[in-house]
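Summary of the model geometry
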Amino acid sequence: MKRFISGAIIALMLSTALVGCGKNEENTSGNENKGGEKGKVEISYCYWGAETEAAVRKGAAESFNASQDQIVVTPIFNSSEQYMTKLQAYFAANNAPDVLQSSGNFGDTYVNDGVLEDLTPYIEKDGLQNAWNQLLVDNYTYDGKIYAAPMIYNSFYIIYNKNLFDEANVAYPTDDWTEEEFLEKAKALTKGDGAEKQYGIRLSWLPPTMLADMYGTHVFDIENKAMHFSDNQAFIDSFKFLTDLALVHGVAPDAEGEAAAGTGFVGGKFAMEISALWDMEQINKTIGDSFEFDIVKFPINEKYGRWQTPISNVGFYMSSNSKHKDEAWEFIKYASTDVDVQTSMDICGIPAALSVTEADDYLTTFPEGIKPYNKTVVQKMEDAVIWPTDVGVWGKMVKEIQAKYDLVMNREATVDEVVEQLQSTGDAELAKSAN
């Protein structure tokens, strides 16, 4: 199955989402290792992450090292600024680390170049075909071959301030709420003017990522090499609905208001916000006991159904040039299936292993420092789509959607105008790539 790939737009907008798999000069890659401490086989593992993410991901290596005495994993942290450049250099030099953490955004290129190992035989040998949600596996599948094991994922939802709902005597949202109910609540929770204005909803930076599939109709037809913007009414309708929240209804800030939004949802002036689990720890730390909050699924559009949530999926690749593939697989298998390691991922996303998320106590167990929230919102993925691809022409068009969304939110163009521009640009880029 050829799959859509999780986008590097995370790297452009979140420092936590994508960082380099290169190594510091003093570190050696997996292919240079001659053997570890006391005869152990040494493999290298590169990873990224903000403070908590980095600690959890390094902790996976430390836990593996403590679990056995034949293999030692050397973790290598790198920043997002170094990522693509160093990665290209290591593969060009046939010197990539043994295990590469990735959100899948570079998969096509390196699979085609033959520098990533097909993990399908390893997965089948150890009977792990059903270890993870199939959508996550599809994210790393090319022509029927699985090139990475999922580690953690994030999905979108709406977080809401219970105190503001209570003060306005507005009922909390439920998972079966409609788009009309969502708008009614947003209007009822919007009040005031200027810098002190309270908004019903903060869109944050996420809408452009959602637009490619928000109402369930893809704008990218990768298999047939076609763009569907101007002939895609679902895309047009979703684009108008989101931007109208700010430009017509005034329940969300426009571009100028967003720039002046300050601390956003945690500041207590937004009744709702589009968010994801990667923000949950920081939200808890910042809000403390200032107000109560919870999360809820996206609302349901009468015509198109529930808004689709993009899935950001992080997993493990193996370098095809690794001299220690069996040992590299043992670490990948451990970090992506061990219950304790996977449970530790809960602080910054949703563990990939079904053994964790389908356990009886998953919905009622929370990491230290995280207040209980409605985990049923993120446990299932029936309303999920893989993050828009960022490869080649498609990646250029993801950035074009962002740019055109900004134009509309800055009141410099209408949705109808930018949709025509997107179609024209997309067609031109496809034609150029075919030459």
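Residues numbered from 1 in each chain as written. Predicted model: local features only at pLDDT ≥ 70, side-chain atom pairs only at ≥ 80, totals over all residues. Heavy atoms only, no water.

Considering the environment of Q101
As a reminder, the rule being used: Starting at the N terminus, helices and strands are each numbered in turn, a helix being any DSSP run of H or I of at least four residues and a strand any DSSP run of E of at least two. Summary of the burial criterion: residues with accessible area below 20% of their type's maximum are buried, those above 50% are exposed, and those between are partly exposed, where the area comes from a 1.4 Å probe applied to protein chains only. N or O atoms closer than or at 3.5 Å make up a polar contact, with two conditions inside protein: a donor-capable atom paired with an acceptor-capable one, and, for residues adjacent in sequence, both atoms drawn from side chains.
You can see Q101 is positioned in strand β3 (residues 99-102). Q101 sits in the buried class, given a relative accessible area of 0%. When the C-alpha positions of Q101 and Y317 are compared, they lie 6.2 Å apart, and in sequence the two are 216 residues distant. There is a polar contact of 3.4 Å between the side chain of Q101 and the side chain of Y45.

Thoughts on a negative patch on the surface
Basically, it comes down to this: Note that patches include only residues with greater than 30% relative accessible area and no salt bridge, and the join distances are 9 Å for like charges and 5 Å for nonpolar side chains (Val, Leu, Ile, Met, Phe, Trp, Tyr). Residue exposure ignores everything except the shown protein chains as possible cover, and the areas themselves are Shrake-Rupley values with a 1.4 Å probe. Throughout this description, the term salt bridge denotes a Lys or Arg side-chain nitrogen within 4 Å of a carboxyl oxygen of Asp or Glu. His is not counted, nor are the chain ends, whereas Lys and Arg count as positive and Asp and Glu as negative. Charge placement uses NZ in Lys and CZ in Arg. For Asp and Glu, CG and CD serve respectively.
Residues D176, E180, E181, E184 and E302 make up a contiguous surface patch of negative charge. Inspection of the secondary structure puts E302 in the loop between β11 (300-301) and β12 (305-306).

Considerations on the side chain of R57
The cut-off we apply is this: Whether two residues touch is decided by their heavy atoms; if any such pair falls within 4.5 Å, the residues are in contact.
Examined against the element boundaries, R57 turns out to sit in helix α2 (residues 51-67). Within the structure, the side chain of R57 is placed 3.0 Å from the backbone oxygen of W48, a separation counted as a polar contact. Not counting residues up to four positions away in its chain, the partners in contact with R57 are Y45, Y47, W48, G49, Q101, M151, I152 and V314.

Here we look at the side chain of T309
Residue position: T309 is located in strand β13 (residues 309-318). Under the relative-accessibility criterion, T309 is labelled buried at 10%.

Description of the pattern of salt bridges
Under the definition given, this model contains 19 salt bridges. The residue R411 makes a salt bridge to D254 at a minimum N-O spacing of 3.2 Å. In this pair, R411 is assigned in the loop between α17 (392-409) and α18 (415-434) and D254 in the loop between α10 (233-247) and α11 (255-259), connecting sequence segments 157 residues apart. Owing to a relative accessible area of 17%, D254 belongs among the buried residues under this scheme. Between K371 and E292 there is a salt bridge, with the nearest N and O atoms lying 3.7 Å from each other. In this pair, K371 is assigned in the loop between α15 (354-357) and α16 (376-379) and E292 in the loop between α12 (280-287) and β10 (293-296), connecting sequence segments 79 residues apart.

What to know about the packing of α17 against α18
Rule in force here: Each axis is a line fitted through C-alpha atoms, taken for helices only over the stretch in contact, and angles between the N-to-C directions span 0 to 180 degrees. The cut-offs work like this: below 35 degrees is roughly parallel, past 145 is roughly antiparallel, 65 to 115 is roughly perpendicular, and the gaps in between are oblique. When the near helix sits turned anticlockwise from the far one by under a right angle, the crossing is termed left-handed; a clockwise turn instead gives a right-handed crossing. Note on residue categories: nonpolar means Ala, Val, Leu, Ile, Met, Phe, Trp, Tyr, Cys or Pro, charged means Asp, Glu, Lys or Arg, and polar means any other residue, Gly included.
The geometry of α17 relative to α18 is characterised by a closest axis approach of 10 Å and an angle of 160° between their N-to-C directions. Between α17 and α18, the interaxial angle falls into the category roughly antiparallel. For α17 against α18, the interelement crossing comes out right-handed. Only V415, V418, Q421, L422, T425, G426, E429, L430 and S433 of α18 make contact with α17, whose side of the interface consists of V393, W394, K396, M397, E400, I401, K404 and V408. Residues of the contact of α17 with α18, tallied by class, amount to 9 nonpolar, 4 polar and 4 charged.

A closer look at the packing of aromatic side chains
Just so we agree on the cut-off: Pairing of aromatic rings covers Phe, Tyr and Trp, the last counted by its six-membered ring, and requires centre-to-centre distances within 6.5 Å; plane angles under 30 degrees mean stacked, over 60 mean edge-to-face, and any other angle means tilted. Counting as a charge over the ring demands two things of the Lys NZ or Arg CZ atom: a distance within 6 Å of the ring centre and an angle within 35 degrees of the ring normal.
Applying the stated criterion across every chain yields a total of 29 aromatic pairs. Arranged with centres 5.5 Å apart and planes meeting at 65°, the rings of F64 and F331 form a pair that is edge-to-face. A residue pair is termed long-range when its members are at least 10 positions apart, and F64 in helix α2 and F331 in helix α13 (residues 325-337) qualify at 267 residues. We classify F331 as buried; its relative accessible area is 0%. Aromatic pair F229 and F235: ring centres 5.3 Å apart, planes at 70°, arrangement edge-to-face. Judged by relative accessible area, which is 0%, F229 ranks as buried. Cluster of aromatic residues (ring-pair linked, three or more members): Y45, Y47, F64, F77, F316, F331 and Y334. Residue placement shows R202 over the ring face of F270; its charged tip is 5.9 Å from the ring centre. Lying across the ring of F366, K375 places its NZ or CZ 4.8 Å from the centre.

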